[in-house]
Amino acid sequence: MNTATAAAPDTTAAHAPEPARLSAELATIGVLWRRDLVRFLRQRSRLVGALAQPLVFWLIIGGGMASTFNLPTAEGLGYMEYFFPGILVMMVLFAAIFGTITVIEDRHEGFLQSVLAGPGSRGALVLGKAAGVSSVGLLQAATFLIFVPWAGFQYGAIDWPLLATFLVLGALGLSAFGFALAWFIDNSQGYHAIMSILLLPGWVLSGAMFPVSDKSPALSAIMRGNPMSYLVSGVRRAFYVDAPPLGTTVGSHLAVDLAVVAGFAVASLSLATWLCYKRR
Amino acid sequence: MAADRGAPLLEVNDLIVRYGDRTVLDGLSFTVGRGEIFGLLGPNGSGKSTTFSVLTGLLAPAAGRFRFDGADIEPGARSLRARIGVVFQKPSLDKSLSGRENLMLAARLHGVPRADRRARVAALLELAELADRADEPVKKLSGGMARRLELARSLVHEPILVVMDEPTSGLDERSFQRTWDRLERLRRERGLSILVSTHRPEEAARCDRIALIDDGKLVACDTPEALRTSVSGDLVTLVGADAEALAALVRERFGVEARVIDNAVSLRCDEGHALIPRIVEALPAGRLKAVHLERPGLAEVFLARTGRTLDDEGRPAAPLDRATP
């Protein structure tokens, strides 16, 4: 290339060489990550809405259920307290849904086209998008932590590294899962349908709103098979220095919750990457 | 590896793409020389956009061999993607971000060194004549401005080849001319090679060489001038009521091949200026509303070679985005 350029400087002198593979992958991840963050931080209305919606949800549903909620295994546990970890997971889930539904249009008539045709791999594209969408959800969830005292928790009693671990893994898993759905379905109406028959019920049946009860074996089986249950469970554990109230977690042990949530994240990222290669 | 300067920059050989049992590209082969502006001309659904998608790695072909800058490569290989600039037919800018932000992201994506990014993006904004609107969200720019920005974006990593899919669709005549003046300047000043797919004959006429593509096959490949001279005679267009009957009448009386295109009768003959008075004489007053005479352009070449017009949808456009080859 160099000799050729020297022989005839008129044509290829100005053309840049190919960047190294690793730096191309990192650049692809960085660009998608940055793009979602910049877009989110720019839209003030989105920031306000991202906080107001879960707050209203927490207050209305929490307020309504407060008088009837009574867990025999955990006397005195208030519903606002019980519901709080589930609200954090809901924020991460909603961010994942709304952050990945745009992939459908973006891929055919938008920015993603240029990333697909760019120097990075599809794996980097999935990682970058998942990182961007997760960051948006995590920022929202972090902001919502200002309401911790109203839920009856104390900041000093929170296991912050554990909370961060679960939320980060959960956000990555849900974002990658949303990406995989968007890529596979490739149609906004279809994605909306899946959202209302799979993702939202998945959150309701995650222990976010009510704990697993063996009175209904079918419901219990669904809840125990739902990866989001282990995420809610893990997030709940982070709010209690000792053990969370009996009967409010799905996994028998922290390690179980962590293994399922981490496994879900890895599986979702792998599925999204595979689909992204398979279905161009 | 030292690239042979005489060899083409890009060689595409026997490219085959299938959607299910339908063959969309059927053994397509062409080359793009260094510093050449090469066009793929064909109607919608002829396979040009599919070719574009294969080159940019968006679509995996069933078969085909590719050489780029002296090396054999896989279709859509990273070594190709890293060194070509791409202008998509559909918008590919982030509309919520500004022009400058879009270009900065593209510079980052393509590994432009941090120290060079700002200056290079500023220079490209100048080139696109958008320096004064660089910080407005793209959604506030006009269609023509956004197209200029797309072109600027494709150049951010100083590619050796720019691949464009219908780059001037939706542009008015003036913007069209300015875009092509700009492209020719880039070729002249930077030695850029350009591959453009289009269904517009006036766009193909700006290329050094063009490949006529119909139904996934290469019909002809030559310079626009050579293709034009390959079709002899004049093109006469007759406008009048009931074009089908008019065509039949002309065929019968004058023994020339006449077709109905867009409600007008189109016929080719050796000497149009001699034929026209005879036709006018032969028909009752008022039967003809207008008569038009011209030398065949690339649209007529395409028609002569394929029997189809460039506006024809030869068949439904390939549903690219749902493709599972």
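Q: Which parts of the structure should I look at to understand the pattern of salt bridges?
A: A pair can form between side chains of opposite charge whenever their charged atoms are brought close. Following the criterion strictly, the structure yields 31 salt bridges over all chains and no others. We note a salt bridge from A:Arg35 to A:Asp106, for which the minimum N-O separation is 2.8 Å. Taken together, the residues span a long stretch of sequence, with A:Arg35 in helix H3 (residues 21-42) and A:Asp106 in helix H6 (residues 102-109) at a distance of 71 residues. For the pair shown, A:Arg35 and A:Asp106 are each scored as buried. A salt bridge links B:Lys48 to B:Glu166; the shortest N-O distance between them is 3.5 Å. Taken as a pair, B:Lys48 in helix H1 (residues 48-55) and B:Glu166 in the loop between strand E7 (161-165) and helix H6 (173-190) lie far apart in primary sequence, 118 residues in all. Side by side, B:Lys48 and B:Glu166 carry an identical accessibility label, which is buried. One connected set of salt bridges, linked through shared partners, spans A:Arg35, A:Arg39, A:Asp106 and B:Asp94.

Q: Teacher, can you tell me more about the packing of aromatic side chains here?
A: When we look at a pair of aromatic rings, we describe it by the centre distance and by the angle of the planes. Residues and elements named next belong to chain A. Taken as a whole, this structure holds 22 aromatic pairs over all chains when the rule is applied. Arranged with centres 5.2 Å apart and planes meeting at 35°, the rings of Phe69 and Tyr82 form a pair that is tilted. Separated by 13 residues along the polypeptide, Phe69 in the loop between helix H4 (44-66) and helix H5 (79-100) and Tyr82 in helix H5 bring together distant segments of the chain. The class for Tyr82 is buried, based on a relative accessible area of 0%. By way of ring pairs, the aromatic residues Trp58, Phe84, Phe144, Phe147, Trp150, Phe153, Phe239 and Tyr240 are connected into one cluster. For the cation-ring pair, Arg107 lies above Trp183, with the distance from its terminal atom to the ring centre recorded as 3.7 Å. Looking at Arg236, its charged tip hangs above the ring of Tyr82, at a distance of 4.0 Å from the centre.

Q: Sorry, what's going on with the nonpolar core here?
A: Across soluble globular proteins, you tend to see nonpolar side chains buried next to one another. The biggest cluster of nonpolar side chains holds 111 residues, and the ones touching the most others in it are A:Phe84, A:Phe239, B:Leu161 and B:Leu195. Looking at this core, the element that brings in the most residues is H5(A), giving 13 residues. Other than its neighbours up to four places away in sequence, B:Leu195 contacts B:Leu10, B:Phe30, B:Val32, B:Phe38, B:Leu40, B:Leu55, B:Leu161, B:Val162, B:Val163 and B:Met164. One finds B:Ile37, B:Ala107, B:Val196 and B:Ala220 within the second-largest nonpolar core, a separate group that totals 44 residues.

Q: Help me out: how do you make sense of the pairing of strand E8 (residues 193-198) of chain B in this one?
A: A regular strand places its side chains on the two faces of the sheet in alternate fashion. Residue and element names in this part refer to chain B. Among the six residues in E8, six count as buried, and that is most of the element. Alternating positions in E8 separate into two faces, Ser193, Leu195 and Ser197 on one and Ile194, Val196 and Thr198 on the other, with burial throughout. Relative to E8, strand E3 (residues 37-41) runs parallel, the two sharing five bridges. Within the sheet, the bridge partner assigned to Leu40 lies in E8 and is Ser197. Relative to E8, E7 runs parallel, the two sharing five bridges. Its bridge partner lying in E8, Leu161 is registered against Ser193.

Parameters at a glance
Along each chain, numbering runs from 1 in the same order as the chain's sequence is written. Each chain gets a letter, beginning with A, and each ligand a number, beginning with 1, in the order they are written. Given that the model is predicted, a residue must reach a pLDDT of at least 70 before its local features are reported, and side-chain atom pairs must reach 80 or more before they are shown or counted; all residues, however, enter totals for whole chains, interfaces and linings. By convention in this description, side-chain values take in all heavy atoms of the structure and omit both hydrogens and water. Salt bridge, as used here: a side-chain nitrogen of Lys or Arg that lies within 4 Å of a carboxyl oxygen of Asp or Glu. Think of it this way: any DSSP run of H or I at least four residues long counts as a helix, any run of E at least two long counts as a strand, and we number them from the N terminus. The classification of residues rests on relative accessible area computed with a 1.4 Å probe and restricted to protein chains. Under 20% of the type maximum is buried, over 50% is exposed, and intermediate values are partly exposed. Classification of ring pairs uses Phe, Tyr and Trp, with its six-membered ring standing for Trp, and accepts pairs whose centres are within 6.5 Å; under 30 degrees between planes counts as stacked, over 60 as edge-to-face, and the remaining range as tilted. Charge over a ring is defined by NZ of Lys or CZ of Arg lying within 6 Å of the ring centre and within 35 degrees of the ring normal. What we call a nonpolar core is a set of buried Ala, Val, Leu, Ile, Met, Phe, Trp, Tyr and Cys residues that are connected through their side-chain atoms within 4.5 Å. We call two residues contacting when some pair of their heavy atoms lies within 4.5 Å. At least two bridges found by DSSP between two strands is the condition for calling them paired.

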